[in-house]
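One letter stands for each residue in the lines below.
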Amino acid sequence: MGKRMVVVGGVAGGASAAAKAKRENPELEVVVYEKSPHVSYGACGLPYVLSGEIPSLTKLIARTPEAFRKQGVLVHTRHEVVEIDPESRTLTVFDHGEGRTFQDRYDHLVLATGARPQIPPIPGTEQEGVYTLRTLEDGERLLQALEGAKRAAILGAGYIGLEVAEAFRKRGLEVTLLEAKDRPLPHWDEEVGGLLKEELERHGVEVWTGVKVEAFRGMGRVEAVETSEGVVPADLVLLATGIRPNTGLAQAMGVALGPTGAIATDERMRTNLEGVYAAGDVAESFHRVLKRPYWLPLGDVANKHGRTAGSVIAGKEARFGGVVGTAIFKAFGLAVATTGLPLERALKEGYRAKKVFIQSQDGAHYYPGSAPLWVELVYEEGTGRLLGGAVVAHGHGALRIDTLAALLHREGTLEDLLALDLAYAPPYSPVWDPLLIAAQQAR
Ligand code: FAD
Ligand code: NAD
């Protein structure tokens, strides 16, 4: 009989691990337990279903339980793993459909329990009309709430707040974005936050920064948000105030967490317990600039974690090479991409860091329709080592970030960047690529 692999959580990390392991080693028995009704979907697409650009939530589903079954992977939805005993390698599972508990066993276990929204301790969050956005079910609830809603308040101008502000405007709502810190996207340097604020306001979003939300007013159904700066009327509130990894099950069975509070893993996604792996938002990655564990809860990372764990369990040689912190998102007409460390963070980390921030173009100045494009480079004084960067553009020009990410993976310098043969034609770039202009200025 083949060995038994059990996966807890069936979205990005879990689904990737299960599919890869079965493909690499068809002898493996592969079972997935997922407490929600859905597996293997792209949560990243949720904002575009809310905006109406994607016609339905089902479009986000990559693989149904039936499709998994055809591949030989057994998927149990509405099944929650409530306890795991690593000594006997047994799990206790609660079947929400049947209302019964049963036991299972594993030879290999993948913890892919993901993350959950962090709910701020503000009075009134339990009322109707207050939502979070994480799962397909959250998407269903928000889609319903959008029917008839007129005024939305969004707490948090991070990734979700910024993407959903656009979606809500596209649905015709009045939108107020309430951010506790002094700018949108506060984890990055201020110039990018400034560009975002202008873009949001140009599209009719009210942006309140440095604001403390004190309470949600209402008689069981939200009516307004009380803040340090005044009252915002709202019939729909979205809490987009960050996430935390779902580590409860792991901790209870003795799996060690790392310094970030997510599960500590090695390059093969193994935890401290024999036969137990972790993948996705519940797990840490190695940061190749900081040279220490880092929590980067992103979909592409979750897929790579899962694929690595699945390959290793199937007996193949595989390693996850780590992250440099690359991310990209869209806010109305702007594409905002960042990688590595912003200047503020680099200085806090003790680097003798400096930055340049330049405005250039995404095409030759004479080419019709060419638009502004901004580049930030963060580098170490003296050595010229690149530490981070950002590219903000009106479209795919922001994918220049991948050149910076590639350099960060190899500890590249400004000189390395200047030596690169980058693409040029008038519709796509000025003759000196904006990355090269920024690097020249930094040098
Ligand atoms: P999750 O998606 O959290 O899935 C974990 C699953 O485990 C859940 O379904 C949960 O029900 C299940 N589970 C938990 N505990 C148990 C248990 N005890 N028993 C059984 N099942 C359990 N990332 C990007 O890279 N780019 C983007 O553009 C992007 N956009 C996003 C937009 C939105 C609105 C959101 C919410 C996220 C976005 N992300 C994006 C992040 C990306 O979706 C996540 O990184 C990814 O979903 C993580 O996958 P995961 O499998 O690790 O965790
Ligand atoms: P986030 O960490 O990106 O942003 C949270 C924001 O909320 C921060 O700006 C923070 O200062 C603010 N905040 C916290 N408490 C507040 C309060 N009480 N009042 C007002 N503001 C407050 O988190 P998120 O936007 O919830 O997104 C969650 C995760 O989803 C991200 O970490 C990311 O992993 C993922 N995601 C990624 C993408 C992408 O890559 N394009 C898109 C959407 C979501």
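Fair warning: this is a prediction, and the values are worked out from it, not measured in the lab.

Trainee: How do you make sense of the overall build of the chain when you look at a structure like this?
Mentor: Looking only at helices and strands, one finds 12 helices and 25 strands in the chain. Computed over the C-alpha atoms, the radius of gyration of the chain is 23 Å, within 12% of the 22 Å expected from 2.2 N^0.38 for a compact globule of 443 residues. Out of the 443 residues belonging to the chain, those deemed buried represent 53%. Once local pairs closer than 6 in sequence are excluded, the contacts in the chain between residues at least 24 apart make up 62%. With the model as given, the accessible surface of the chain reaches about 19,600 Å², and the carbon-plus-sulfur share is 50%.

Trainee: Can you walk me through the site of ligand 2 in this structure?
Mentor: Around ligand 2, 21 residues are found, and the nearest of them are Ile 160, Glu 179, Gly 242, Pro 297 and Ile 328. For ligand 2, an oxygen atom lies 2.5 Å from a polar atom in the backbone of Pro 297. In this structure, a nitrogen atom belonging to ligand 2 sits 2.9 Å away from a main-chain N or O atom of Ile 328. Within the complex, 78% of the 850 Å² of free accessible area of ligand 2 lies under protein. Put simply, the parts of the chain that give the shell around ligand 2 at least two residues each are α5 (159-170), β11 (174-179) and β21 (327-331). Tallying contributions element by element places α5 first for the shell around ligand 2, with 4 residues. Classifying every residue of the shell around ligand 2 by side-chain character gives 13 nonpolar, 5 polar and 3 charged.

Trainee: Looking at this structure, I do not really get the site of ligand 1. What am I missing?
Mentor: Taken together, 29 residues surround ligand 1, and among them Gly 13, Glu 34, Arg 134, Asp 281 and Gly 299 come closest. Backbone polar atom of Ala 112 to an oxygen atom of ligand 1: 3.5 Å apart, as the coordinates give it. At 3.4 Å, a backbone N or O of Pro 297 approaches an oxygen atom of ligand 1. Look at ligand 1: alone it shows 1,000 Å² of surface, and the protein chains cover 88% of it. Among the elements of the structure, α1 (12-24), β2 (29-34), β4 (79-85) and α8 (299-313) are those that each provide at least two residues to the shell around ligand 1. When we break the shell around ligand 1 down by domain, the ones giving at least three residues each are domain 1 (4-116 + 244-313) and domain 2 (119-241).

Trainee: Help me understand a nonpolar patch on the surface in this model?
Mentor: Nonpolar side chains collect at one region of the surface, where Tyr 366, Tyr 367, Tyr 424, Val 431 and Trp 432 lie side by side and expose about 570 Å² of accessible area between them. Mapping Tyr 424 onto the fold places it in the loop between α11 (414-418) and α12 (434-442).

Trainee: Any chance you could explain the environment of Gly 397 here in plain terms?
Mentor: Considering the arrangement of structural elements, one finds Gly 397 in the loop between β25 (386-393) and α10 (401-409). C-alpha separation for the pair Gly 397 and Pro 372, spaced 25 residues apart in sequence, amounts to 10.0 Å. Residues within four places of Gly 397 in sequence aside, it is in contact with Leu 373 and Val 391.

Trainee: So what exactly am I meant to see when it comes to the packing of α1 against α8 here?
Mentor: Helix packing geometry: the angle between the two helix axes and the distance between the axes. Contact geometry of α1 with α8 gives a least axis separation of 7 Å together with a crossing angle of 35°. In terms of crossing hand, the pair formed by α1 and α8 is right-handed. Every residue of α8 that contacts α1 at Ala 12, Gly 13, Ser 16, Ala 17, Lys 20, Ala 21 and Arg 23 is listed here: Ala 302, Asn 303, Gly 306, Arg 307, Gly 310 and Ser 311. Here the residues of the contact of α1 with α8 sort into 4 nonpolar, 6 polar and 3 charged.

Trainee: How should I be thinking about the sheet that holds strand β6 (residues 100-105) in this particular structure?
Mentor: The strands making up a sheet associate through hydrogen bonds between their backbones, and the pairing can be parallel or antiparallel. Judged by pairing direction, the sheet is antiparallel, and its 3 strands sit side by side in the order β4-β5-β6 without closing on themselves. Looking at which strands have only one partner, the edges of the open sheet turn out to be β4 and β6. Taking each pair of neighbouring strands and ignoring which way they run, the sheet shows an average axis angle of 25°. In terms of strand pairing, β4 meets strand β5 (residues 90-95) through 6 bridges, oriented antiparallel. Residue pairing across strands places His 79 opposite Asp 95, the latter belonging to β5.

Trainee: Honestly, the side chain of Ser 51 in this entry has me stumped. Any pointers?
Mentor: Relative to the assigned elements, Ser 51 resides in the loop between α2 (46-50) and α3 (65-71). Residue classification places Ser 51 among the buried positions, given a relative accessible area of 9%. At 3.1 Å, the side chain of Ser 51 and the backbone oxygen of Tyr 48 are in polar contact. Excluding its chain neighbours within four sequence positions, the residues that come into contact with Ser 51 are Ala 167, Lys 170 and Arg 171.

Trainee: Where do I start with the sheet that holds strand β9 (residues 130-131) in this structure?
Mentor: The strand order across the open sheet formed by 5 strands is β9-β16-β10-β11-β12, and the pairing between neighbours is parallel. Sheet topology places β9 and β12 (205-209) at the edges, where each strand pairs with a single neighbour. Sheet topology places β11 next to β12; 5 bridges connect them, and they run parallel. Across the sheet, residue Leu 178 finds its bridge partner in β12, namely Trp 208. On the sheet, helix α4 (residues 136-146) packs against β9 and β16 (236-239) and is oriented at approximately 155° with respect to β16. Sheet contacts for α5: β10 (151-155), β11, β12 and β16; angle to β11, the most-contacted strand, approximately 170°.

Trainee: How do you make sense of the domain arrangement of the chain when you look at a structure like this?
Mentor: Reports of interface size often rely on the accessible area that becomes lost once the parts have come together. Splitting the chain by domain gives domain 1 (4-116 + 244-313), domain 2 (119-241) and domain 3 (333-442). In this structure, domain 2 and domain 3 have C-alpha centres spaced 31 Å apart. The interface of domain 2 with domain 3 comprises 11 residues on the first partner and 18 residues on the second. Summing both sides of the interface, domain 2 and domain 3 together bury roughly 1,200 Å²; the carbon and sulfur share of this comes to 64%. The largest per-residue losses of area from domain 2 upon contact with domain 3 belong to Trp 188, Asp 189 and Leu 195, which jointly make up 49% of the total buried on that side. Inspection of the region where domain 2 meets domain 3 yields 2 salt bridges.

Basis of the calculations
Residues numbered from 1 in each chain as written. Chains lettered and ligands numbered in written order. Predicted model: local features only at pLDDT ≥ 70, side-chain atom pairs only at ≥ 80, totals over all residues. Heavy atoms only, no water. Helix = DSSP H or I, 4+ residues; strand = E, 2+ residues; numbered from the N terminus. Rg over C-alpha atoms; globule rule 2.2 N^0.38 Å. Buried < 20%, exposed > 50% of the residue type's maximum accessible area, 1.4 Å probe, protein only. Contact = heavy atoms within 4.5 Å. Areas by Shrake-Rupley, 256 points an atom, 1.4 Å probe, with all protein chains shown as cover. Near = heavy atom within 4 Å. Polar contact = N/O pair within 3.5 Å; in protein donor to acceptor, adjacent residues only side chain to side chain. Nonpolar A, V, L, I, M, F, W, Y, C, P; charged D, E, K, R; others polar. Domains from an automatic or database assignment. Patch = residues over 30% accessible without salt bridge, like charges linked within 9 Å, V, L, I, M, F, W, Y side chains within 5 Å. Salt bridge = Lys/Arg side-chain N within 4 Å of Asp/Glu carboxyl O. Axes fitted to C-alpha atoms, helices over the stretch in contact; angles between N-to-C directions. Left-handed = near helix turned anticlockwise from the far one by under 90°. Pairing = 2+ DSSP bridges. Buried area = accessible area lost by both parts, 1.4 Å probe.

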